[in-house]
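One-letter residues, chain by chain:
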Amino acid sequence: MKALNLGIWIKKIGRSRNLKYGSNAIIFTAVAIAIAMVVNIIMELIPLEFDLSRNKLYSINDVTREILEGLKKEVEIYGLFDDGKISESDQRTIEVVEMLKYYDRYPMVEVKYVDPEKNPGLIAQLDPTGLRKLEKGNYVVKSGSKIKKLTDDDLIQYSYSTNAYGMASRYVIGTKAEQAFTGAIKFVTSENTPVVYFTEGHEEGKPNEDFTNFREQIEVNNYEVKPIKLTVQEKVPDDAAAVVILAPKYDFEPDEVRLLREYVRGGGRLIVMADYLETSPRFDQLNNLLSEFNLFLNYDKVMEQNSNYHKPGDPYTLIVGADSAAVEEGIVPATLLFSISQARSIEILKN
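Keep in mind that this is a model prediction, so the values were computed, not measured.

K.L.:
Break down the environment of Glu-178 for me, citing the residues and quoting the values.
P.N.:
Among the structural elements, Glu-178 can be located in helix α7 (residues 177–189). A relative accessible area of 16% means that Glu-178 is categorised as buried. Distance from Glu-178 to Val-96, taken between C-alpha atoms, is 8.5 Å for residues 82 residues apart in sequence.

K.L.:
Break down α7 for me, citing the residues and quoting the values.
P.N.:
The first and last C-alpha atoms of α7 sit 18 Å apart over 13 residues, in line with the 18 Å expected at 1.5 Å per residue. If you check which residues of α7 are buried, you get Ala-177, Glu-178, Ala-180, Phe-181, Thr-182, Gly-183, Ala-184, Ile-185, Phe-187, Val-188 and Thr-189.

K.L.:
Quick one: what's the story with the sheet that holds strand β3 (residues 139–143), residue by residue and with numbers?
P.N.:
One open sheet holds the 4 strands; their spatial order is β2-β1-β3-β4, and the pairing between them is mixed. Strands with a single pairing partner mark the edges of an open sheet, and in this sheet they are β2 (109–113) and β4 (146–150). Here the average twist between neighbouring strands, direction ignored, is 15 degrees. When strand β1 (residues 75–79) meets β2, the two strands line up parallel, connected through 5 bridges. Residue Glu-76 lies in a different strand from β2, and its bridge partner there is Glu-110.

K.L.:
How would you summarise the packing of helix α4 (residues 91–104) against α7 if you had to cite specific residues and measurements?
P.N.:
Packed helices, taken two at a time, are described by their axes: the angle between them and the distance between them. The N-to-C vectors of α4 and α7 enclose an angle of 40 degrees; their axes lie 11 Å apart at closest approach. For the element pair α4 / α7, the angle class is oblique. Helix-helix and strand crossings are classified by hand; for α4 and α7 the assignment is right-handed. Mapping the contact onto sequence places Val-96, Met-99, Leu-100 and Tyr-103 in α4 and Ala-177, Glu-178, Phe-181, Thr-182 and Ile-185 in α7. By residue class, the composition of the contact of α4 with α7 is 7 nonpolar, 1 polar and 1 charged.

Definitions and limits used
- Residues numbered from 1 in each chain as written.
- Predicted model: local features only at pLDDT ≥ 70, side-chain atom pairs only at ≥ 80, totals over all residues.
- Heavy atoms only, no water.
- Helix = DSSP H or I, 4+ residues; strand = E, 2+ residues; numbered from the N terminus.
- Buried < 20%, exposed > 50% of the residue type's maximum accessible area, 1.4 Å probe, protein only.
- Expected span 1.5 Å × (residues − 1).
- Pairing = 2+ DSSP bridges.
- Axes fitted to C-alpha atoms, helices over the stretch in contact; angles between N-to-C directions.
- Parallel < 35°, antiparallel > 145°, perpendicular 65-115°, else oblique.
- Left-handed = near helix turned anticlockwise from the far one by under 90°.
- Contact = heavy atoms within 4.5 Å.
- Nonpolar A, V, L, I, M, F, W, Y, C, P; charged D, E, K, R; others polar.

This is how it looks when you write it as structure tokens:
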């Protein structure tokens, strides 16, 4: 009888309006707390990645994930600025910082932001020789003694155009930050770094002085740039990814050409660039090598007779467009125009 009365009393309490809604609130609160605890546990065990930005600007792709998961060496990524003082209008920096959070989740990678104005010794620590000219706003990727500097130009994808007067301009079309950081990580963790050698001894252009943009584009693609004097070499070094002859003013010696011939015949890559020269020195030895590949360096200066393809009033400054097969995917060749001044021609032989 007491049990029956107790059951009836419980039912009456359950029918009470106040207690009914109060109980629901308690239950919902308990469920919410339980869900939050489960989510927190899952987030600890499985670092879920959600990129809600437009065009997935902050995410990293599968290739980068595979590289980061396979790292055997520790990597430090420095942002040389105070990440707590980024302006809301600086959307590009915000995107890079958000993207680097994905890199920082991997155990062999650590991302740091240090303002060099507050820590003046950091730049000297990262670059004791000062050759890399680090400054505020740069990024540095470091592993052991190898470092890679990245600037905004390395992280931003531009397109270029030239007007009818030969004036070039560029505009932003996207980001290549992930490519730059992942490439830099591969560079600093690699045991062997391929080298692009620039010949010396013939008053060639100097990549560290006259062609700095060219050199930087080579380096950002994870090659090292070094000079080479063929007159003191027994052969082109085995680590050569390519040899560049950059606008020489004098011809090569027979022994130098012999080394280049052996290198190219063995599968090596040779890049030859030549300017028009007023004195027109002979390049018999260089042409002897080039002729083996049906090429010949002419002794002339190219003049464009079609006014649509040269700078107004200057037929020796050509306005050139790139062929669709010679540019990166996604770039419209018609918009990729550039000027070439005082050019000399290369003849394709019919051997």
